[in-house]
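Descriptive analysis of the structure
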Amino acid sequence: HLFSTFLLRQMEYDADRYETRLAGSPAFQETVGQLHRLLVGHNHAMGQVNDFWREKKLPDDLPAVCFANAEALDENELDNYLKQVFEEKTNRWSTHPSDRDRIRHAEKMDEPGVLHSELPATILMNGFDQMARQVTESFYRFEMGEALDPKFLWPTSKLMESQKLEADRNQGLGRFLQGGLDSKSLFFPQPSGEPLSGDRAVVLGELVEVREELLAAREVTPDERNVLANRRLELGLHLLGLPGMEEVRAEIHGGGAKVEGLAEVMNCLRRVFPSHQELGRTFRKALRELDVWQADQQSKVKRKAFDDSVRDLQTAYLQIRDELEKVPYPFTHSDGEITCADYAAKAKSEIEEIGPLFNGVSVLLEHMGPLYVKTLPRLIEVAEKVEDAAGLERLEAPVIKSVEGEKADAGA
């Protein structure tokens with residue numbers, strides 16, 4: 001085995017020799033760095049694909065997604081990553097030489113190379129974009145088999161643009177709330193119970209006052225800040241429906257934002273949030289009871305405790321699902337018009353067995369956060385556009401300190 005790994009490493013050096021003679025020793029290290037850049041971009045792309053798949057959408061050109069992520073990498077972070085990679089050493093059981101040793105091997109050859117060009121490698125292929133889409137679909141079919149429906153494939157440019165818009169909206173979240181989201185005190189818009197005037201000037205005047213209070217409330221608790229942000233949002237959405245806001249209403253509706261639908265989702269999430277937290281605790285309890293029972297499967301007491309926890313889990317799951325079933329999903333989805341339950345949960349008939357139930361609970365717990373994070377910034381975007389139309393300047397996002405003490409934008 002030791003001799004075989006040695007020969008495998010020599011095969012890699014031999015392959016590197018051809019590359020170096022063709023493109024030159026200086027280009028070899030650059031190529032290794034670019035491969036790692038693409039590798040990191042690929043890892044980020046797979047995370048994006050998982051995000052898109054929540055809406056049953058898949059980018060039709062995965063290489064384009066990988067490349068876009070690779071190009072967007074922070075250069076300092078990439079340099080630190082490459083520094084660690086290039087410090088790794090080859091051990092006697094390695095099937096491949098370390099990048100450091102491969103680069104040194106190429107440098108020792110001191111080859112000038114015979115082909116020098118700044119043109120992209122895509123010119124070596126006819127119809128590269130079409131080939132990339134074919135390879136992408138083949139990859140999905142390998143992973144999904146017959147479950148892959150052509151309607152799941154969406155233009156990559158459209159999906160990437162929508163994700164960029166979501167990132168911009170998240171920046172708006174920090175501006176509007178005058179601070180980032182607090183995980184212990186999430187912001188759930190709801191009617192304040194205070195009267196709302198039908199006079200545009202009166203509403204606008206109160207909106208200005210609330211904005212000033214929010215700016216001055218830097219040292220208050222997250223709950224107190226949320227009260228001010230809630231009133232600001234309530235006033236903005238109310239202002240949208242008053243006379244004189246016809247143009248901005250047309251712009252918002254033309255952009256696909258259904259304010260009533262977004263508000264309905266947030267109201268639903270506010271109602272089920274405590275149940276969602278309880279579902280997580282019940283799920284963890286069921287998993288613990290499963291471990292206990294599996295360690296002693298002859299114990300009827302432990303089996304009953306597990307059965308009871310499963311029953312509690314199913315009850316908690318169905319309560320949340322029933323609430324989500326009442327609310328239409330407000331965004332585009334490959335399946336067309338669906339409910340929030342269709343987006344975040346499995347059908348009732350699919351959770352009768354323990355395995356599917358556990359899987360369904362995992363899916364529900366995983367989807368609730370993204371639904372909140374996608375809906376709230378869209379609603380706040382509407383409120384900011386209303387303030388823009390009313391002639392109010394956008395507030396700057398406050399600069400806050402991270403745990404490490406470094407300054408950071410609240411919208412990040």
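Relevant structure appears above.
Described in the following lines is the structure provided in the data block. Only a predicted model underlies this, so the values are computations on that prediction, with no experimental measurement involved.

Topic: the environment of Gly-391
Here Gly-391 shows up in the loop between helix 14 (354–389) and strand 3 (399–401). You can call Gly-391 exposed: its relative accessible area is 59%. The spatial distance from the C-alpha of Gly-391 to the C-alpha of Leu-204 is 9.9 Å, given a sequence separation of 187 residues.

Examining the layout of surface pockets
With a probe scaled to a water molecule rolled over the atoms, the places where space remains empty come into view. A volume near 1300 Å³ is recorded for the largest pocket. Along the wall of the largest pocket there are 27 residues; nearest its centre are Thr-31, Gln-34, Leu-119, Pro-120 and Ala-121. Within the residue set of the lining of the largest pocket, elements represented by two or more residues are helix 1 (2–23), helix 2 (25–53) and helix 3 (62–71). With nine residues, helix 2 is the largest single contributor of residues to the lining of the largest pocket. Looking at side-chain class alone, the lining of the largest pocket contains 18 nonpolar, six polar and three charged residues. By volume, the second largest pocket amounts to about 900 Å³. Along the wall of the second largest pocket there are 28 residues; nearest its centre are Glu-55, Ser-162, Glu-166, Lys-374 and Arg-378. Residue assignment for the lining of the second largest pocket shows that the elements contributing at least two residues are helix 2, helix 7 (156–177) and helix 14.

A short note on the side chain of Asn-230
Mapped onto the secondary structure, Asn-230 falls in helix 9 (residues 222–240). Apart from the residues lying within four places of it in its own chain, the contact partners of Asn-230 are Phe-187, Phe-188, Pro-189, Gln-190 and Ser-192.

Regarding the side chain of Asp-101
Here Asp-101 lies in helix 5 (residues 99–109). Here Asp-101 is in contact with Tyr-13 and Thr-90, once residues within four sequence places are set aside.

Notes on helix 5
Of all the residues in helix 5, the buried ones are Asp-99, Asp-101, Arg-102, Ile-103, His-105 and Ala-106. Lining the buried residues of helix 5 we find helix 1, helix 2 and helix 4 (75–87). Where helix 5 terminates, the next one or two residues include Asp-110, which has phi positive at roughly 50°.

Quick look at the environment of Leu-58
By the secondary structure assignment, Leu-58 is in strand 1 (residues 58–59). C-alpha separation for the pair Leu-58 and Asp-129, spaced 71 residues apart in sequence, amounts to 16 Å.

Some thoughts on the environment of Phe-67
Take Phe-67: it is sitting in helix 3. With 26 residues separating them in the primary sequence, Phe-67 and Gly-41 have C-alpha atoms 6.4 Å apart.

Structural notes on the packing of aromatic side chains
Tallying each qualifying case throughout the model produces eight aromatic pairs. An angle of 15° between the planes, with centres 4.6 Å apart, marks the rings of Tyr-329 and Tyr-343 as stacked. Of this pair, Tyr-329 sits in the loop between helix 12 (300–325) and helix 13 (340–344) while Tyr-343 sits in helix 13, and the two are 14 residues apart along the sequence. The class for Tyr-329 is buried, based on a relative accessible area of 7%. Three or more aromatic residues joined by ring pairs make a cluster, and in this case those are Phe-188, Phe-273 and Tyr-372. Lys-57 extends its terminal NZ or CZ atom over the ring of Trp-154, reaching a point 4.5 Å from the ring centre.

Thresholds applied
- Residues numbered from 1 in each chain as written.
- Predicted model: local features only at pLDDT ≥ 70, side-chain atom pairs only at ≥ 80, totals over all residues.
- Heavy atoms only, no water.
- Helix = DSSP H or I, 4+ residues; strand = E, 2+ residues; numbered from the N terminus.
- Buried < 20%, exposed > 50% of the residue type's maximum accessible area, 1.4 Å probe, protein only.
- 1 Å grid on protein atoms, 1.4 Å probe; cavity = no way out; pocket = protein on both sides within 12 Å on 5 of 7 lines; lining within 4 Å.
- Points joined across faces, edges and corners; volume = space filled by probe spheres on them.
- Nonpolar A, V, L, I, M, F, W, Y, C, P; charged D, E, K, R; others polar.
- Contact = heavy atoms within 4.5 Å.
- Phe/Tyr/Trp six-rings, centres within 6.5 Å; stacked < 30°, edge-to-face > 60°.
- Lys NZ or Arg CZ within 6 Å of the ring centre and 35° of its normal.

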